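# Residue-level structural notes
In case you want the letters, here they are:
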Amino acid sequence: MDYLDGFLEEEEEVYRHGGDIYHNNVKYDFSVNTNPLGISPLVKQKLYENLDMFEKYPDIQYLKLRRVIAAKENIPVGNILCANGASEIFKLVTEAVKPKSAVITAPAFSGYEYVLKAQGTKIEYYYLNEEKDFVADTDIIDKIPPGCNIIFLCSPNNPSGRVISKKVLLKVLSYCESNNIYLVADECFLGFVPDYEALSMKSEIKSNYLIVVNAFTKLYAMAGLRLGWCVCGNKGLLRAMRRLQPEWSVSVPAQIAGIYALKDKDYIARTRELIAEERIRMSEFFASKGIKVFPSDANFLLLKTEADLYKKLLEKHILIRKCSNFNGLERGFYRIAIRSYKENSILIDAIGNII
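Because the structure is a prediction, the values reported are computed rather than measured.

## Some thoughts on the side chain of Asn 158
For Asn 158, the position within the fold is in the loop between strand 5 (150-154) and helix 5 (166-178). A distance of 2.8 Å separates a polar atom in the side chain of Asn 158 from a polar atom in the side chain of Arg 335. Ignoring anything within four residues of it in the chain, the contact list for Asn 158 reads Asn 33, Pro 107, Ala 108, Phe 109, Phe 189, Phe 300, Phe 326 and Arg 335.

Below, the structure written as C-alpha cells:
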C-alpha cells in the first residue's frame, strides 16, 4: 500500500467540500459557490501577458497587491495580510492565538473546526435555528463560555446564505473586546451582496480583537489560484501570523490575478445583477416542486427535500453539495450554487424530471 493511501480516511467525510470534480464524472458543477461568470477576462489577459514572470520568485511582501486591496477597501496597507486562500488565514490566526476555547456556528464552513481541532481547541457550537432560517442573532453571546479565546462568524453564512446584521456583529464585537476574545469575521461571500460596504466589519478594524477575512476564491472565481486576505488593526497579531506564514505562499500568478481582478469593476456589477435575477428564478422553481428553499443573500441556495437529489443528479453528470456532513444539518439538505442562466436551466430541467 502506498504511504498516502487512506490519507485522512477517518476525517475525509466530515471535512469534505464541494468541487469534487476529480473523482466524479461531472459536466455541470453546482457544488461550489464561485462566480458563474468565471475568471474576469481582464485577469486572463494579464496572466497570459505575464507568463514569463511565472519563472521568478514572487514578491515576498506582495506589496503591489496589498496597495491595490488597500485602495479598494480604504484600509491602510500595513493592516493587510495576504495568504494562500482564506483557509491559510484561518490556520494562521489559530496558530498565532493558540485558543484553548472557541465558539463557532453550526451549520458553518468546516474549515473553522478543522484548524481549531489542529490546535487542540475545545469548541462550543452555537446551533442556528431552522425555523429562523439559520440566521445568527445576539443570543450567541449566551453561548460564549468563560475562558473563550476566539469566535468565528461567517456573513453570509455558508451553507445558509444569510447575512448577519451589522447590529448583531457589533454587539458580539463589543462583548469580545470586553472579554479579550478575538472575533474572526469571514466575509468571503459578502461581495455578492449589493450592500457590501454597509455590512462589512472592515470599518471596525481599529479594534484589537477583530480579524476580517476575505478571498478572491468566490467572488472572482479564483479557487485554483488560491488567494485570500485579511484586515486587522492588531499589528502584533498580524506580525505573529506573518512569522508563521511560508515565505512565498502568495504566488506570482495569484498576485497578478488579484491586482487586475480588483480593477474590473464592471465584472462585479454584472455578477450581482445575474445572481439577483437567477436566485429569484431558481427559488421560485424549487418552491413550485415542493422543495423547501431557505432565504439567501448569497450566490447559493440551501434546500430541504426527501428526494435523493445528489445521487439522481450525479447520474446526469450534475454535481450538487449534499449537506449531511455539516454539523447542525442532516440528510435531505442540499446546497446549490447559482450559475449562469443556461446552466441553471439545465439543472431545472433535470430536477423537473426527477420530481
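## Remarks on the nonpolar core
Ranked by internal contacts, the top residues of the largest apolar core, which has 117 residues, are Ile 151, Phe 216 and Phe 286. Apart from residues lying up to four places away in sequence, Ile 151 is in contact with Val 103, Ile 144, Val 172, Cys 176, Ile 181, Tyr 182, Leu 183 and Val 184. Judged by nonpolar contacts, the second largest core, of five residues, contains Val 163, Leu 190, Val 193 and Leu 199.

## Observations concerning the sheet that holds strand 13 (residues 333-337)
Read from one edge to the other, the open sheet built from four strands follows the order 9-10-13-12, with strand pairing classed as antiparallel. Looking along the sheet, the strands with just one partner apiece sit at the ends: strand 9 (292-293) and strand 12 (321-322). Strand direction decides the pairing type here: strand 10 (residues 300-304) and strand 13, joined by five bridges, are antiparallel. Counted as the bridge partner of Leu 303 is Tyr 334 from strand 13. Along the sheet face, helix 9 (residues 265-288) touches strand 9, strand 10 and strand 13 and points at about 10° away from the line of strand 10.

## Here's the deal with helix 8 (residues 252-261)
For helix 8, the tally of buried residues reaches ten of ten residues, placing the bulk of the element in the interior. Buried within helix 8 are the following residues: Val 252, Pro 253, Ala 254, Gln 255, Ile 256, Ala 257, Gly 258, Ile 259, Tyr 260 and Ala 261. Looking at the packing, one finds that the buried side of helix 8 touches helix 1 (41-49) and helix 2 (63-73). Capping of helix 8 at its N-terminal end is provided by Ser 251; its side-chain oxygen lies 3.2 Å from the backbone amide nitrogen of Ala 254.

Parameters and conventions
- Residues numbered from 1 in each chain as written.
- Predicted model: local features only at pLDDT ≥ 70, side-chain atom pairs only at ≥ 80, totals over all residues.
- Heavy atoms only, no water.
- Helix = DSSP H or I, 4+ residues; strand = E, 2+ residues; numbered from the N terminus.
- Polar contact = N/O pair within 3.5 Å; in protein donor to acceptor, adjacent residues only side chain to side chain.
- Contact = heavy atoms within 4.5 Å.
- Core = buried A, V, L, I, M, F, W, Y, C linked by side-chain atoms within 4.5 Å.
- Buried < 20%, exposed > 50% of the residue type's maximum accessible area, 1.4 Å probe, protein only.
- Pairing = 2+ DSSP bridges.
- Axes fitted to C-alpha atoms, helices over the stretch in contact; angles between N-to-C directions.

In short, geometric facts, not functional conclusions.
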